[in-house]
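Each chain is listed here by its residues.
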Amino acid sequence: GFSWKLADHPKLPKGKTVAVVVLDGWGEANPDKYNCIYVAKTPTMDSLKEGLPEKWRLVRAHGTAVGLPTEDDMGNSEVGHNALGAGRIYAQGAKLVDFALASGKIYEGEGFKYIKECFDKGTLHLIGLLSDGGVHSRLDQLQLLLKGASEHGAKRIRVHILTDGRDVLDGSSVGFVETLENDLAKLREKGVDAQIASGGGRMYVTMDRYENDWDVVKRGWYAHVLGEAPYKFRSALEAVKKLREDLKVSDQYLPPFVIVDESGKPVGPTMDGDAVVTFNFRADRMVMLAKALEYEDFDKFDRVRFPKIRYAGMLQYDGELMLPSQYLVSPPEIERTSGEYLVHNGIRTFACSETVKFGHVTFFWNGNRSGCFNPKLEEYVEIPSDSGITFNVQPKMKALEIAEKARDAILSGKFDQVRVNLPNSDMVGHTGDIEATVVGCEAADEAVKMILDAVEKVGGIYLVTADHGNAEDMVKRDKKGKPQLDKAGNIQILTSHTLQPVPVAIGGPGLKQGVRFRSDLPQAGLANVAATFMNFHGFVAPDDYEPTLIEVVDN
Ligand code: 3PG
Ligand code: CO
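Residues numbered from 1 in each chain as written. Chains lettered and ligands numbered in written order. Predicted model: local features only at pLDDT ≥ 70, side-chain atom pairs only at ≥ 80, totals over all residues.

Q: Would you mind showing me how to read the nonpolar core here?
A: Generally speaking, soluble globular proteins have nonpolar side chains that are buried together. Core analysis: the biggest nonpolar cluster contains 168 residues, and Ala19, Val21, Ala406, Ile451 and Ala530 have the highest contact counts within it. Residue contributions to this core peak at 11 residues, all from helix α15 (residues 434–458). Setting aside its immediate chain neighbours within four residues, alanine 530 contacts Leu84, Gly85, Ala86, Gly87, Ser338, Ala541 and Tyr545. (Core = buried A, V, L, I, M, F, W, Y, C linked by C-beta atoms within 7 Å. Buried ≥ 20, exposed ≤ 12 C-beta atoms within 10 Å, placed from the backbone. Helix = DSSP H or I, 4+ residues; strand = E, 2+ residues; numbered from the N terminus. Contact = placed C-beta atoms within 7 Å.)

Take a look at the structure:
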């Protein structure tokens, strides 16, 4: 029968303190002035690289290696941390939604039947991120859902859009709105009353995460549900163009707006009897809105009006909270993660990051599950992030505070695994500010040093890796790898993640002589990391885990 007990590793001892460091958005790319990691002074990470090939290697962090639909899909933190923590590759939300839409199964499921009840008398509201980034949502999925919902009886549809510019180029929101407007016009020709009703930039409206700033969600609530916002426009295209021009803000940070009719009335507040679907498949930035839409008892902000709606998520975002209770597509069933195995085998774990990445190294790491498995063996520490700022103004973020907590946890002797996420290269990289990103990378490197020094003191082992690329390439490139210029001849700053591989470095005084990277896994990816650190704890990973990256040679 099934057992949580892990087999002992034939050659590696137990009882070592293992530090697992995840640099968020730290990929490997050619030296270049747009490679902030290359430009930054990173002596610690540079010295680890000298371990190539036995103690330093690259692994794949994008596309099918992390369960995404195609090799053109850049990596992201959700799928990256899922793979790191679970040790296996799961078909991820993006892919599962593709299947459900292509087969039509999405319309036969419980979730769709539930919202369909409202189609006769109510409006169907679709709320989510409007882009083809493929990280949180995808435009083509929204397009198919609009078509499918109208064919299945939705007569009145309102779309509430969050503009991106973070997983895609800044300024691309205009084109996405045009595409959507076209589709809605076609639906109107067929007699469906379909319009965009409200919107705003994803970082300022609705899509906060890990309860960093509830005001963000409150702005979204006012726009999408109450039909109230500081900016009113007759069309979404006008809204996006005007706000960008007049306020000089980028897509990510557009203020909330509502679309009004000729008499100035909002065209699509959410009312009793309506149906709502949040069409993002990724959880972290939809959970807060999902709570506001679903929970009867809610005290994070005053909702003013709490309409009686039927609400479904594209996916269920949190399996532990069962939130939302209704959803259109079942999420990947990520189970038996490394964290769960390790607590069952007595491993005491400390995990830490600052708010904006805290859930990455806990919730995503544990297979999209909130909370810990065994509070007696685990301690999760969240360092509050600065809120209400863009991180290019504070590029050091809380890297050193995170490292201090990790150092103390390592030196305390109370933990076997000390796991952190260092956010700088990703969070600052997403702002598109190259100089600030360089500073961020330097701060992350210093944090790594502090952690490795502690590992050294206790005779421990380290594994330093990343979840996907970001800061190593900050410019959009053509197929030949040359910076691609826009019509005006300017380079285009890349705020998004990349397709680049990420490093894995191992070492520390506790690492037994003869441990080295195998050479027979050139295609290995993030999912191979879990079996590797399980070995460092003295265990062999379960059979169905992706193989370990290391071998132990006798000398
Ligand atoms: C975000 O949510 O900030 C970006 O879309 C993706 O970044 P992450 O995958 O690194 O969180
Ligand atoms: Co990111």
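Q: What am I meant to see in the site of ligand 1 here?
A: The environment of ligand 1 is formed by Asp24, Gly25, Asn76, Ser77, Glu78, Val135, His136, Arg166, Asp167, Arg285, Asp426 and His430. Here the residues of the shell around ligand 1 are counted per class, giving 1 nonpolar, 5 polar and 6 charged. Here the shell around ligand 1 spans two domains, and each of domain 1 (18–90 + 338–552) and domain 2 (94–329) adds at least three residues to it. (Near = placed C-beta within 6 Å. Nonpolar A, V, L, I, M, F, W, Y, C, P; charged D, E, K, R; others polar. Domains from an automatic or database assignment.)

Q: Please explain the domain arrangement of the protein chain as it appears in this structure.
A: Where the parts come together, the accessible area they lose is often given as the size of the interface. Assigned domains within the protein chain: domain 1 (18–90 + 338–552) and domain 2 (94–329). Its C-alpha centre places domain 1 at a distance of 32 Å from the equivalent point of domain 2. Residue-level contacts link 23 residues of domain 1 with 23 residues of domain 2. In terms of residues, the side of domain 1 that touches domain 2 owes the most to one element, helix α12 (residues 355–364), which gives 4 residues. Across the side of domain 1 that touches domain 2, the residue classes tally to 4 nonpolar, 15 polar and 4 charged.

Q: Got a minute to help me understand the pairing of strand β11 (residues 349–354) in this structure?
A: Burial within β11 is extensive, with 6 of its 6 residues counted as buried. Of the two faces of β11, both are covered, the one formed by Thr349, Ala351 and Ser353 as well as the one formed by Phe350, Cys352 and Glu354. Note: β11 against strand β12 (residues 378–383), 6 bridges, orientation parallel. Residue pairing for β12: cysteine 352 is matched across the bridge by valine 381. The parallel pair β11 and β12, bridged by α12, forms a crossover whose chirality is right-handed. Sheet topology note: the β11/strand β13 (residues 417–422) ladder contains 4 bridges and is parallel. Counterpart to cysteine 352 in the pairing with β13 is valine 420. (Pairing = 2+ DSSP bridges. Right-handed = clockwise from strand over helix to strand, strands pointing away.)

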